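Summary of structural features
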Amino acid sequence: MINDFGPMPIANSFRKEGDEDSFRYKLTTSFCEFCKLFQINENPKVEQMFHDAYPFFTSTSKSMVSHFSKFFEKFMPSPVGDSFIVEIGSNDGSLLAQAKNMGFRHLGIDPSGNVVERAKSHGINAICAFFSEKLASEIVSDHGKATRIYAANVICHIPDLHDLARGVRELLAPEGLFVFEEPYLGSMLEKISYDQIYDEHIYIFSGLSVQAVFAEYGLQLVDLEKQGTHGGSMRYVIAHESTTTPSKEMLGILKREKEQGLNTTETYLEFANECEKRKSQLRELLIGLTEDGNRIAGYGATSKSTTILNYCHIGNEIIEYFCDTTPEKQGKLTPGSRIPVISREAAQDKLPDYFILFAWNHAEEIMRLESERMPSSVAWINIIPKIEIVSK
Ligand code: TMP
C-alpha cells in the first residue's frame, strides 16, 4: 500500500440536508512494479458513481469546451465520407458537437442518463451504457468499425482495463486511432496533487503504464502529448500494432518518466510522505485563521476537494460554504464534510476573508473572471501545487 486517505464518501455524492450520506469506502493506493500502474485499491461500484444524477457537465467550463474543440480537430479524419467517430464517456456532447456539425457519423457512449439526455437535446447521437467488449461488438455490427475513438478523463474510471482494451481492439478500424487523455501521474507527483485520487480515478496513468497495458492486446502506444488541462494531463495515442511508427516525442517522455522514477515504488512512498506533510500544513493554516476570527469559504466544489476535505478532516466548522457554478451541486452539501454549496452570485452577499481555490485546475479562467468582481479585501488560499496565501 502507498497512501491511506481513510474512509471516503463518493466524490460526487452531493446530498441535500437530511439525505442519507453514510456510504464510505477505504481510499488507499498501490503501485505495480510489473505493469507500472498506480491505482486505488478499492473502488465503489461504478453504478454508484455514474447515474442519472451525475452532477458534472463538461460545458460548465468554457476553457474545457474550447480544449475539446481543438482536440477533435487535431485528430479529425479526412475525408468526412464514411468515417465513424466514437466517444467513450461523451458527457453532454461537448466534444462530439464538432463531429455532428461537420457531418461525421458519430456515437457517444456514457453511463449517466442525465448527461446523455443533454447531448441528445443538442442533436448528438448518444447512448446510455458502460463501454465494454460486448458493447463494442454490438456497435461494430450496427455501425461498422470506428476511424477514431476519443475519450477524455474517462478511461481512468473504467475498473476492467483488460475488457476495455479488448473492446478498443474490436471497435478500432485497422488504420484507426484511439486517442484519450487523462490526469497525468508525472504531474501529480510533481505538484503533490493528491486530490486527483478519488473513486472515479481508479488509475492515474503514465506513458509507461499505458504502453504496458495495451501492448497485451496487440495495441501500441504511438504518441504522447502533455496537456495543461486538469492540472496536468497526458494525451495517449494508440494504434493497432505495427501500423504506425512511435514518435520521437513519445520516446523522450518515456525516458523522462524513468528519470523521474515513475517505475519504482520508492518514488510513491516519498509521495505518500509528502501528502501527510501537506495535510498537517493545511490543517494548521486553516485552524489558525479560524481561531483568529477569519471567515473562510471554498471556491469550486470539485470532485477532487472531497479527498482533501475528508483526508484532512476539514468540515463546516472551518469552511462556511463553497461557491460553485454547477446548478446540480447548489443547495446541497459537500460529500462527507457537509459544507453547503451556493452559487457564486449568492456568495457575493457574504464574501469571506479567504477563498480557498479548490478548483485550482481552472485557476486561469477563475482569476480572469474574478479580477473584476472580487474585492481586494478577500484573499485567496492556494493549495496546489503549494499551500500559500495570495492577496490581491
Ligand atoms: P473539475 O475540476 O472536475 O472540472 O470541476 C470544477 C468545478 O469547479 C465544477 O464543479 C465547476 C466549478 N467551477 C466554478 O465554480 N467556477 C468556475 O469558474 C469554473 C471554471 C469551475
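Residues numbered from 1 in each chain as written. Predicted model: local features only at pLDDT ≥ 70, side-chain atom pairs only at ≥ 80, totals over all residues. Heavy atoms only, no water.

Concerning the layout of surface pockets
Looking at the second largest pocket, its volume works out to about 270 Å³. S63, G228, N361, H362 and E364 are the residues nearest the centre of the second largest pocket, which is lined by 13 residues in total. At the level of secondary structure, the elements contributing two or more residues to the lining of the second largest pocket comprise α2 (62–74) and α13 (363–373). Residues lining the lining of the second largest pocket come from more than one domain, with at least three contributed by each of domain 1 (4–28 + 267–390) and domain 2 (34–263). (1 Å grid on protein atoms, 1.4 Å probe; cavity = no way out; pocket = protein on both sides within 12 Å on 5 of 7 lines; lining within 4 Å. Points joined across faces, edges and corners; volume = space filled by probe spheres on them. Helix = DSSP H or I, 4+ residues; strand = E, 2+ residues; numbered from the N terminus. Domains from an automatic or database assignment.)

What to know about the side chain of S90
Note that S90 resides in the loop between β4 (84–88) and α3 (96–101). Beyond its immediate chain neighbours, meaning those up to four positions away, S90 contacts L96, G108, I109 and D110. (Contact = heavy atoms within 4.5 Å.)

A word on the sheet that holds strand β9 (residues 203–204)
Here four strands make up an open sheet; going across it, the order is β1-β2-β3-β9 and the pairing antiparallel. Looking along the sheet, the strands with just one partner apiece sit at the ends: β1 (4–8) and β9. Here three bridges tie β1 to strand β2 (residues 25–31), and the two strands are oriented antiparallel to one another. Within β2, the position partnered with P7 by the bridge is K26. Along the sheet, helix α11 (residues 303–311) contacts β1 and β2; its crossing angle with β1, the most-contacted strand, is approximately 100 degrees. (Pairing = 2+ DSSP bridges. Axes fitted to C-alpha atoms, helices over the stretch in contact; angles between N-to-C directions.)

Observations concerning the pairing of strand β10 (residues 219–227)
Of all nine residues in β10, seven are buried; the element is thus mostly enclosed. Relative to strand β11 (residues 233–240), β10 runs antiparallel, the two being bridged by eight bridges. Following the sheet pairing, Q227 is matched in β11 by S233. (Buried < 20%, exposed > 50% of the residue type's maximum accessible area, 1.4 Å probe, protein only.)

With respect to the state of the cysteines
Under the criterion given, the structure shown has zero disulfides. With no disulfide of its own, C156 lies 15 Å from the sulfur of C35, the closest cysteine sulfur. Looking at C156, the relative accessible area reads 1%, which means it is buried. Residue C323 stays outside any disulfide, its sulfur separated by 20 Å from that of C312, the closest cysteine. By relative accessible area, which is 2% here, C323 ends up buried. (Disulfide = S-S within 2.5 Å.)

Thoughts on the site of the ligand
Not every one of the 17 residues close to the ligand is listed here, only the nearest: K304, D324, K329, N361 and H362. In the environment of the ligand, an oxygen atom lies 3.2 Å from a nitrogen or oxygen atom belonging to the side chain of T326. A distance of 2.8 Å separates an oxygen atom of the ligand from a polar side-chain atom of H362. Broken down by element, the residue count for the shell around the ligand peaks at three residues, all from α13. Here the shell around the ligand is built from residues that sort into six nonpolar, seven polar and four charged. (Near = heavy atom within 4 Å. Polar contact = N/O pair within 3.5 Å; in protein donor to acceptor, adjacent residues only side chain to side chain. Nonpolar A, V, L, I, M, F, W, Y, C, P; charged D, E, K, R; others polar.)

Describing empty space enclosed by the protein
Using the criterion set out here, one finds one cavity of 30 Å³ or more in the structure. Taken as a whole, the largest cavity encloses approximately 50 Å³ of empty space. Lining the largest cavity, in full, are Y194, R278, L282, I308, I383, I384 and I387. Across the lining of the largest cavity, the residue classes tally to six nonpolar, no polar and one charged.

Observations regarding the domain arrangement of the chain
According to the domain assignment, the chain consists of domain 1 (4–28 + 267–390) and domain 2 (34–263). A separation of 28 Å is found between the C-alpha centroids of domain 1 and domain 2. Domain 1 puts 32 residues into the contact, and the matching count from domain 2 is 35 residues. The contact between domain 1 and domain 2 buries some 3,100 Å² in all, and 63% of this surface belongs to carbon and sulfur atoms. Applying the counting rule to domain 1 against domain 2 returns zero salt bridges. Here domain 1 and domain 2 share ten residue pairs in polar contact (both at pLDDT 80 or more) between them. Elements with a minimum of two residues in the side of domain 1 that touches domain 2: β2, α10 (265–291) and α11. Of all the elements, α10 adds the most residues to the side of domain 1 that touches domain 2, at six residues. For the side of domain 1 that touches domain 2, the class distribution of residues is 17 nonpolar, eight polar and seven charged. (Buried area = accessible area lost by both parts, 1.4 Å probe. Salt bridge = Lys/Arg side-chain N within 4 Å of Asp/Glu carboxyl O.)

Overview of α10
Across its 27 residues, α10 extends 40 Å between first and last C-alpha, which sits within 8% of the 39 Å expected from 1.5 Å per residue. For α10, the set of buried residues is T267, Y268, F271, A272, C275, R278, K279, L282, L286 and L289. Backbone geometry just after α10 places G293 at a positive phi near 85 degrees. (Expected span 1.5 Å × (residues − 1).)

A word on the packing of aromatic side chains
Summed over all chains, the structure comprises 22 aromatic pairs. With 6.2 Å between their ring centres and 85 degrees between their planes, F71 and F75 make a pair best called edge-to-face. In terms of burial, F71 and F75 fall into one category: buried. Judged by centre distance (6.0 Å) and plane angle (45 degrees), the ring pair of F180 and F214 falls under tilted. Residue F180 is located in strand β8 (residues 172–183), and its partner F214 is located in helix α8 (residues 207–215); the two are separated by 34 residues in the primary sequence. Given the relative accessible area of 1%, F214 is considered buried. Site record: aromatic cluster; members linked through ring pairs are F178, F180, Y203, F205, F214 and Y236. Directly above the aromatic system of F71 lies the positively charged group of R235, at a separation of 4.2 Å from the ring centroid. The ring of Y321 carries the charged tip of K350 above its face, separated from the ring centre by 5.3 Å. (Phe/Tyr/Trp six-rings, centres within 6.5 Å; stacked < 30°, edge-to-face > 60°. Lys NZ or Arg CZ within 6 Å of the ring centre and 35° of its normal.)

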